[in-house]
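Analysis of the macromolecular model
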Amino acid sequence: MKFFEIPKEDLKKIISVFNRKIGLFVFFVFVLFFDSTYFSEKVTNSQITINLLMLAGFFAMYYRSTPRVKELMLYAVVLGIGGEYLFSRVLHMYTYRLENVPLYVPIGHAALYGRVFKFSTAPIVRKYHKAVEQLFSIVIVLFATVYLLFFSDVFGFVMTIGVFLLLWKRPKDRLFFYAMYILVAILEIGGTAFGCWRWSSIAFDVFEFLPSNNPPSGISLFYFLLDIGCFVIYTQRHKVTWRRLKNIRSKHA
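All of these numbers come straight from a predicted model, not from anything done at the bench. Residue numbering note: each chain is counted from 1, following its sequence as written. Only residues with pLDDT of 70 or above have their local features reported here, since the model is predicted, and side-chain atom pairs are shown and tallied only from 80 upward, although totals for entire chains, interfaces and linings are computed over all residues. Side-chain figures throughout are based on the complete set of non-hydrogen atoms in the structure, without hydrogens or water.

**Comments concerning the nonpolar core**
Counted only if it meets this: Note on terminology: a nonpolar core comprises buried Ala, Val, Leu, Ile, Met, Phe, Trp, Tyr and Cys residues joined through side-chain atoms within 4.5 Å. For every residue, the accessible area (1.4 Å probe, protein chains only) is compared with the maximum for its type, and the residue is labelled buried under 20%, exposed over 50%, or partly exposed between those bounds. To qualify as a helix, a DSSP run of H or I must reach at least 4 residues; to qualify as a strand, a run of E must reach at least 2; elements of each kind are numbered from the N terminus. Only heavy atoms enter the contact rule, under which two residues are in contact if any of them lie within 4.5 Å.
Formed by 75 residues in total, the largest nonpolar core has its most connected members in F25, F28, M93, Y104, L112, F119 and M180. The element best represented in this core is helix α9 (residues 174–193), accounting for twelve residues. For F119, the contacting residues outside a window of four places in its chain are I14, V17, F18, K21, I22, V125, V132, F136, L175 and A179.

Dropping the structure here:
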């Protein structure tokens, strides 16, 4: 079944879930304006205020989440802080406006992770997951191709191919990561347009054969690391539950 062949009432429900779980996070993209180069030069530096607002939003979402999502969000914050310092300050993949790592960034990673998790596990979305995945995959291919052809974004296109290759034999993860790809792309476009951060013109500021747009299209590839890290920590802390789940899956395989 294709996305637009979904019954009208169910389609409305899917769109409603998307708006509630993911659309609200997109609003944060516009909040980034207050950390923009324009706002800091013309008005004032308000990065601290944005950090506090993001922190408040994070805790509001945290307290409304299930115990599992809460735990995963905390792991995402910790891993996000480490990842940001590694990729930004050590590997120089991108640079923030004040050459720091704003607090709202790792917190935002965790909120984004939680939002996408809630969307991808919603019953109505799971019911039509193949149709949703098909639509998202088409959007992703078109987006990455446009970036490659019009912005010479070889690095982003290669990472996008990497996303599809990693998901080739992981069909259960496709919905989550396709949604993640799209949301990350929106966030990156907004953040770079406002000048909150800037990506190097070549991959890792080293590989000249991989020219990159600002931002590159397939940066969500690195969110695999965040997801894998959260997953590993969670399974190690809940070994008995995870072992039981694997046994159940093997019996129904």
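Structure's up, so let's keep going.
**Some thoughts on the packing of helix α8 (residues 154–167) against α9**
Cut-off, in case you're wondering: Note on geometry: axes are C-alpha line fits, over the in-contact stretch for helices, and angles between N-to-C directions span 0 to 180 degrees. Here the word oblique covers every angle except those under 35 degrees (roughly parallel), over 145 (roughly antiparallel) and from 65 to 115 (roughly perpendicular). Crossings are assigned a handedness: left-handed for a near helix turned anticlockwise from the far helix by less than a right angle, right-handed for a clockwise turn. Residue type decides the class: Asp, Glu, Lys and Arg count as charged, Ala, Val, Leu, Ile, Met, Phe, Trp, Tyr, Cys and Pro as nonpolar, and the leftover types, Gly among them, as polar.
One way to put it is that α8 packs onto α9 with a least axis distance of 10 Å and a crossing angle of 165°. Of the possible angle classes, the one that applies to α8 and α9 is roughly antiparallel. Crossing hand, α8 versus α9: right-handed. In contact with T160, V163, F164 and L167 of α8, α9 contributes R174, F177, Y178 and Y181. Counted by class, the contact of α8 with α9 contains six nonpolar, one polar and one charged residues.

**Concerning the environment of L148**
Mapped onto the secondary structure, L148 falls in helix α7 (residues 129–151). Along the chain, L148 and S217 lie 69 residues apart, while their C-alpha atoms are 8.5 Å from each other. Among all residues touching L148, those that are not within four sequence positions of it are D153, V154 and F157.

**What to know about the packing of aromatic side chains**
To be explicit about the condition: Any two rings among Phe, Tyr and Trp, with Trp reduced to its six-membered ring, count as a pair given centres within 6.5 Å; such a pair is stacked if its planes are under 30 degrees apart, edge-to-face if over 60, and tilted if neither.
Tallying each qualifying case throughout the model produces 26 aromatic pairs. Seen from their ring centres, F204 and F207 are 6.1 Å apart, and the 90° between their planes marks the pair as edge-to-face. Overall, the relative accessible area of 21% leaves F204 in the partly exposed class. For F207, a relative accessible area of 35% corresponds to the partly exposed category. Among the aromatic residues, those joined into a ring-pair cluster are F87, F155, F204, F207, F209 and F222.

**Some words on the layout of surface pockets**
Using the following cut-off: Lining residues are defined by having an atom within 4 Å of a point belonging to a cavity or pocket. Those points lie on a 1 Å grid over the protein atoms alone, cavities being sets where a 1.4 Å probe fits but cannot get out and pockets being open sets with protein on both sides within 12 Å along at least five of seven lines. Grid points are joined across faces, edges and corners, and a volume is the space filled by probe spheres set on the points.
Estimates place the volume of the second largest pocket at around 460 Å³. Contributing elements (two or more residues each) for the lining of the second largest pocket: α4 (67–90), β1 (94–96), α5 (104–120), α9, β2 (197–199) and α10 (223–237). Among the residues making up the lining of the second largest pocket, the classes are represented as 19 nonpolar, four polar and two charged.

**Some remarks on the packing of α9 against α10**
At a minimum axis distance of 11 Å, the contact between α9 and α10 shows a crossing angle of 130°. On the basis of their axis angle, the class for α9 and α10 is oblique. Crossing hand, α9 versus α10: right-handed. Listed contacts from α10 to F176, F177, M180 and V184 of α9 are Y223, F224 and D227. Classifying every residue of the contact of α9 with α10 gives six nonpolar, no polar and one charged.

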